[in-house]
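Summary of structural features
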Amino acid sequence: MKISWVKIALATLGLAAAPLMFAATDTATTTLGVTVGAEATIAVTASPTLAKGTTEFESYTGNTTFTYRVRTTQSTGSGTVTSLVTTEFSAGSGITTADLSHVASTSGVGTANTSSTTASASSATNILTFGADAHSSDTNDSATISWTLADRPAYKTGAYSTIVTLTISAT
């Protein structure tokens, strides 16, 4: 019996190709949806000890720095950063919240309250405002609150502190 090498080669090739003739592939797609809403976050980066001015009864001053990220809605969005004195100076100190005021500045998105504003323990005071479609940077924007505490002769000597809560909001 003669073996034909050509027939063997063709048969081998045919057997090798058989799985390819019966293989199947398919593809599918997916659609990803997302609803992006207004968001905001804030972090204090430096809290001051108020420093005395160089002359007698000159005000105490210091700066609070903070970072924030914010996104407001496109057409009707808004937002704020506010401050509220949540723990007042010790009652025996003679220092009142009415003696404390602030102005603000920012290098980022938003409008800073640059008018001297008396701090309050009963209603939040404005630090920054944001309009519609406001977007901070991905790596945080920063702002500074410059505090001034009047120096009154009635104050008792000693070390005192107050706690001010900063709140950021966005719609």
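Look above for the structure.
Within any chain, residue numbers begin from 1 and follow the written order of that chain's sequence. The predicted nature of this model means local features are confined to residues of pLDDT at least 70 and side-chain atom pairs, given and counted, to a pLDDT of 80 or more, with totals for whole chains, interfaces and linings taken over all residues. Computation of side-chain values covers all heavy atoms of the structure but excludes hydrogens and water.

**Overview of the overall build of the protein chain**
Definition in use: Starting at the N terminus, helices and strands are each numbered in turn, a helix being any DSSP run of H or I of at least four residues and a strand any DSSP run of E of at least two. Burial classes: relative accessible area under 20% of the type maximum marks a residue as buried, over 50% as exposed, and values in between as partly exposed (1.4 Å probe, protein chains only). Two residues qualify as a contact provided that any one of their heavy atoms is within 4.5 Å of a heavy atom in the partner residue. Every accessible area reported is derived by Shrake-Rupley at a probe size of 1.4 Å, with residue values counting cover from the shown protein chains alone.
Looking only at helices and strands, the protein chain features one helix and 10 strands. Ordered by position from the N terminus, the helices and strands of the protein chain form the series α-β-β-β-β-β-β-β-β-β-β. Residues classed as buried in the protein chain amount to 26% of the 171 residues present. In the protein chain, 75% of the contacts between residues at least 6 apart in sequence involve partners at least 24 apart. About 11,200 Å² of surface is accessible on the protein chain, with carbon and sulfur atoms providing 56% of the total.

**Comments concerning unusual backbone geometry**
Positive phi values are uncommon outside glycine, yet Asp133 reaches one of about 60 degrees. Among the structural elements, Asp133 can be located in the loop between β8 (125-130) and β9 (141-149). On the basis of relative accessibility, which here comes to 38%, the residue Asp133 falls in the partly exposed class.

**Things to note about the nonpolar core**
Selection criterion: Take the buried residues of types Ala, Val, Leu, Ile, Met, Phe, Trp, Tyr and Cys, join any two whose side-chain atoms come within 4.5 Å, and each joined set is a nonpolar core.
Grouped together as the largest cluster of nonpolar side chains are 23 residues, with contacts concentrated most on Phe66, Tyr68, Val81, Ile127, Leu128 and Phe130. Contributing elements (two or more residues each) for this core: β3 (60-71), β4 (79-87), β5 (100-106), β8, β9 and β10 (163-170). Leu128 has contacts with Phe66, Tyr68, Gly79, Thr80, Val81, Thr106, Thr111, Ala112 and Ala143, leaving out every residue within four places of it along the chain.

**A look at the pattern of salt bridges**
Here is the rule we go by: By convention in these notes, a salt bridge is any Lys or Arg side-chain nitrogen within 4 Å of a carboxyl oxygen on Asp or Glu.
Following the criterion strictly, the structure yields three salt bridges and no others. Notably, a salt bridge pairs Arg71 with Glu39, separated by 2.7 Å at the nearest N-O pair. Remark: Glu39 occurs in strand β1 (residues 39-46) and Arg71 occurs in strand β3; sequence separation between them is 32 residues. A salt bridge links Lys52 to Asp151, with the nearest nitrogen and oxygen atoms 2.9 Å apart. Of this pair, Lys52 sits in strand β2 (residues 51-52) while Asp151 sits in the loop between β9 and β10, and the two are 99 residues apart along the sequence.

**A closer look at the sheet that holds strand β6 (residues 111-112)**
Operational definition: Following DSSP output, two strands are said to pair if at least two bridges run between them.
Pairing within the open sheet is antiparallel, and its four strands lie in the order β6-β8-β4-β10. A single partner strand is all that each edge strand has here, and the edge strands are β6 and β10. Across two bridges, β6 lies against β8 in antiparallel orientation. Note that in β8 the partner of Thr111 across the bridge is Thr129.

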